[in-house]
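A closer look at the structure
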Amino acid sequence: MDNHLLREKYITSIEDVALEISQSDYWRTQLFESEYDQRILISEQNIENVPIYIKHIFTEEKLMFLVSKVKECPEVFDEGSIIFKFESVPFASITRFSGN
């Protein structure tokens, strides 16, 4: 696949992934219980706990993301929020954060 096209797929998909994973009970538990900066891979290999709305991103598009709980973030969230960082695997510059 063309590198530019693949990059566009990650840019388009990361918002939905960040939203759905941040709201998923399973993933929230995994992240809250993880160490800070411990990256967890979300891919077709662990699709059973991915919300149905975004499963196609992993099964059809074959995209992969890393998610972690971080202490530092360039964005501002409510005080006391736990911040989740989402990163595309092949393009480290494509990131999103969510406050939880």
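Keep in mind that what you see is a predicted model, and the values were worked out from it rather than measured.

The next point concerns the overall build of the protein chain. Scanning the protein chain for helices and strands turns up three helices and four strands. Going from the N terminus to the C terminus, the protein chain shows its helices and strands as α-α-β-α-β-β-β. Relative to the 2.2 N^0.38 estimate, which gives 13 Å for 100 residues, the radius of gyration of the protein chain is 13 Å and therefore close to what a compact globule would have. Dimensions of the protein chain along its principal axes, counting C-alpha atoms only, are 40 × 30 × 20 Å. Counting all 100 residues of the protein chain, 39% fall into the buried class.

Let us now look at the side chain of Ser68. If you trace the backbone, Ser68 turns up in strand β2 (residues 65-70). Residue Ser68 is classed as buried on the basis of its relative accessible area of 2%.

Here we come to the pattern of salt bridges. A complete count under the given rule lists four salt bridges for this structure. Glu61 is paired through a salt bridge with Lys9; the nearest N and O atoms lie 2.4 Å apart. With Glu61 in the loop between α3 (55-59) and β2 and Lys9 in helix α1 (residues 3-23), this pair connects stretches of sequence that are 52 residues apart. Residue Glu61 is classed as partly exposed on the basis of its relative accessible area of 27%. For Lys9, a relative accessible area of 23% translates into the label partly exposed. Two residues, Glu87 and Arg39, come together in a salt bridge whose shortest N-O distance is 2.7 Å. Taken together, the residues Glu87 in strand β3 (residues 83-88) and Arg39 in the loop between α2 (25-33) and β1 (40-42) connect sequence positions 48 residues apart.

The rules behind these values
Residues numbered from 1 in each chain as written. Predicted model: local features only at pLDDT ≥ 70, side-chain atom pairs only at ≥ 80, totals over all residues. Heavy atoms only, no water. Helix = DSSP H or I, 4+ residues; strand = E, 2+ residues; numbered from the N terminus. Rg over C-alpha atoms; globule rule 2.2 N^0.38 Å. Buried < 20%, exposed > 50% of the residue type's maximum accessible area, 1.4 Å probe, protein only. Salt bridge = Lys/Arg side-chain N within 4 Å of Asp/Glu carboxyl O.

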